[in-house]
Amino acid sequence: MQSLADRVHYLLRTGGGINDPEVHIRALNHVMFREERLGYDHSADARGNILNYFLHGVLARKLGTCVGLPLAYVAVAQRAGFPVQPVNVPDHVFARYKAFPPLPYPNIECTNGGKYTPDERYIRRFLVSDRGMETGAYMRGLSRREHLGSLFYTAAAIPLKRGDYDQYIWYAEQSLELGPRDAFAHNEFARVFASLAAHDPRRYGALRKRAQLLAQRATDLGYVPVELVPQPQRPTTKENS
C-alpha cells in the first residue's frame, strides 16, 4: 500500500502540481488504473466472489466490484495524505475528493478508470431518494469511522457463511455502531437477523425485535431497495477479451 502511495508522490514531484487536488486525482488514476491496471470484474459470479470485496483480493487479482475498487482507491489516496472518501448510493460506491473550496469535478468513478461522474447522474442512475440525501445515507462522503463500519459489514459475511452466528452478530453490531447512517447495512442486517430468529427458538424474541428495529431504521434513513436499481448489461466474452 505504501509503495503505491509513494509512486503517486513520485509523479507529483517529477510532474508538478504537488499541491493541486486535481493533479492528485490524475496521479492516483494513473497509478491505480494505468500502471496497476485495476478493473471491474465482469465475470458472471463477480458479486459472489468474496475476493472482490477485500483489499488483498483486489490488489492481488487487479479486479474488483464497485465495493472493492473504491476501497483500494481510497486506501491508497488516504495513505498518500489526500482527503478522498467513499460515497454510498443504492447498490454502488464511488469516491470523492473533499477539498476546500470544493472541486468542480470531485467525484471519482473507480469502476470506470477514475473518470468524473456528476452528482446528478448518480442520483438519477441509482434512484437515490430525497430522504436518503436528507439523512446522509446517500451522496455523502463517509468519515473514516463510518468507512470502518462498512468494512465490518463486509467482513460479517465470513462468519455468516461458516455458520458462526454469534460472531456474525458481533460484526453486525460493530458495523451498526460505527455506521449509524448506513441504510443498506441496516436493511441487510434486519433481513439476516429475521432469518436467524426463525432458526433460533432461544433468541427468537430478541432477534425478531432487533430485526424489526433495524428495518424501521433503514426506512427512516431513506433506504432504496437494491432490486429496484437497474443493473448494467454485463459485457459479452468477446467484449471482455
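Here the structure is a predicted model, which is why all the values come from computation and not from measurement.

Take unusual backbone geometry next. The linkage connecting Phe100 with the following residue, Pro101, adopts the cis geometry, with an omega of -5°. Among the structural elements, Pro101 can be located in the loop between β4 (92-97) and β5 (107-108). We note that Arg37 has phi near 60°; this positive angle belongs to a residue other than glycine. Position of Arg37 relative to the elements: it lies in the loop between α2 (21-35) and β1 (39-40).

Further remarks concern the sheet that holds β5. Spatially, β3-β4-β5 is the arrangement adopted by the three strands of the open sheet, whose pairing is antiparallel. The open sheet is flanked by β3 (84-89) and β5, the only strands paired with a single partner. Summarising the sheet, β3 and β4 pair through six bridges and their orientation is antiparallel. Residue pairing in the sheet places Gln85 in a bridge with Arg96 of β4.

Let us look at the state of the cysteines. Counting across every chain of the model gives zero disulfides. The structure places no disulfide on Cys110, whose sulfur is separated from the nearest cysteine sulfur, that of Cys66, by 10 Å. Classification of Cys110 by relative accessible area gives buried; the value is 1%.

The next thing to look at is the confidence of the model for the chain. On average, residues of the chain carry a pLDDT of 94, and 96% of them reach 70 or more. Per-residue pLDDT stays below 50 along residues 236-241; that stretch engages in two contacts with residues further than four places along the chain or on separate chains.

A few words now on the pairing of β3. Judged by how many residues are buried, β3 sits mostly within the fold: six of six residues are covered. Joining the antiparallel neighbours β3 and β4 is a turn of two residues, in which Asp91 adopts a positive phi near 65°.

This next bit is on the packing of aromatic side chains. Considering all chains together, one arrives at twelve aromatic pairs under this definition. For the ring pair Tyr105 and Tyr116, a centre distance of 4.9 Å and an interplane angle of 75° mean the geometry is edge-to-face. Here Tyr116 lies in the loop between β5 and α5 (119-125) and Tyr105 lies in the loop between β4 and β5, a separation of eleven residues in the sequence. Judged by relative accessible area, Tyr105 falls into the exposed class, the value being 54%. Each residue in the set Tyr153, Tyr168, Phe184, Phe189 and Phe193 is aromatic and connected to the rest through ring pairs, giving one cluster. Taking the ring centre of Phe126 as reference, the NZ or CZ of Arg125 above it sits at 4.4 Å.

So, about the packing of helix α9 (residues 165-178) against helix α10 (residues 183-198). Where α9 meets α10, the axes come as close as 11 Å, and the angle between the chain directions of the two elements is 155°. Here α9 is positioned roughly antiparallel relative to α10, judged by the angle of their axes. Of the two possible hands of crossing, α9 and α10 adopt the one that is left-handed. Note on element contacts: α10 touches α9 through Ala185, His186, Glu188, Phe189, Val192, Phe193 and Leu196, opposite Tyr165, Tyr168, Ile169, Ala172, Glu173, Ser175 and Leu176. Partitioning the contact of α9 with α10 into residue classes produces ten nonpolar, two polar and two charged.

A few words on the nonpolar core. Ranked by size, the top nonpolar core spans 28 residues in total, and within it Val8, Leu28, Met32, Tyr73, Phe82 and Val84 carry the most contacts. Those elements that place two or more of their residues in this core are α1 (2-15), α2, α4 (68-79) and β4. Among the elements that take part in this core, α2 stands out by supplying seven residues, more than any other.

Attention now moves to the packing of α2 against α4. Running from amino to carboxyl end, α2 crosses α4 at an angle of 125°, the nearest separation of the two axes being 11 Å. Between α2 and α4, the angle falls in the class oblique. When the axes of α2 and α4 are compared, the crossing they make is right-handed. Within the contact between the two elements, α2 uses Ile25, Leu28, Asn29, Met32 and Phe33 and α4 uses Ala72, Tyr73, Val76 and Ala77. A per-class count over the contact of α2 with α4 returns eight nonpolar, one polar and no charged.

A word on the pattern of salt bridges. Any two side chains of opposite charge can pair, on the condition that their charged atoms come close. Here the structure, examined in full by the defined rule, presents twelve salt bridges. For Arg203, the salt bridge identified is with Asp200, shortest N-O distance 2.8 Å. The network of salt bridges with shared partners includes Arg7, Glu35, Glu36 and Lys62.

Reading the values: the criteria
Residues numbered from 1 in each chain as written. Predicted model: local features only at pLDDT ≥ 70, side-chain atom pairs only at ≥ 80, totals over all residues. Heavy atoms only, no water. Helix = DSSP H or I, 4+ residues; strand = E, 2+ residues; numbered from the N terminus. Pairing = 2+ DSSP bridges. Disulfide = S-S within 2.5 Å. Buried < 20%, exposed > 50% of the residue type's maximum accessible area, 1.4 Å probe, protein only. pLDDT = per-residue confidence, 0-100. Contact = heavy atoms within 4.5 Å. Phe/Tyr/Trp six-rings, centres within 6.5 Å; stacked < 30°, edge-to-face > 60°. Lys NZ or Arg CZ within 6 Å of the ring centre and 35° of its normal. Axes fitted to C-alpha atoms, helices over the stretch in contact; angles between N-to-C directions. Parallel < 35°, antiparallel > 145°, perpendicular 65-115°, else oblique. Left-handed = near helix turned anticlockwise from the far one by under 90°. Nonpolar A, V, L, I, M, F, W, Y, C, P; charged D, E, K, R; others polar. Core = buried A, V, L, I, M, F, W, Y, C linked by side-chain atoms within 4.5 Å. Salt bridge = Lys/Arg side-chain N within 4 Å of Asp/Glu carboxyl O.

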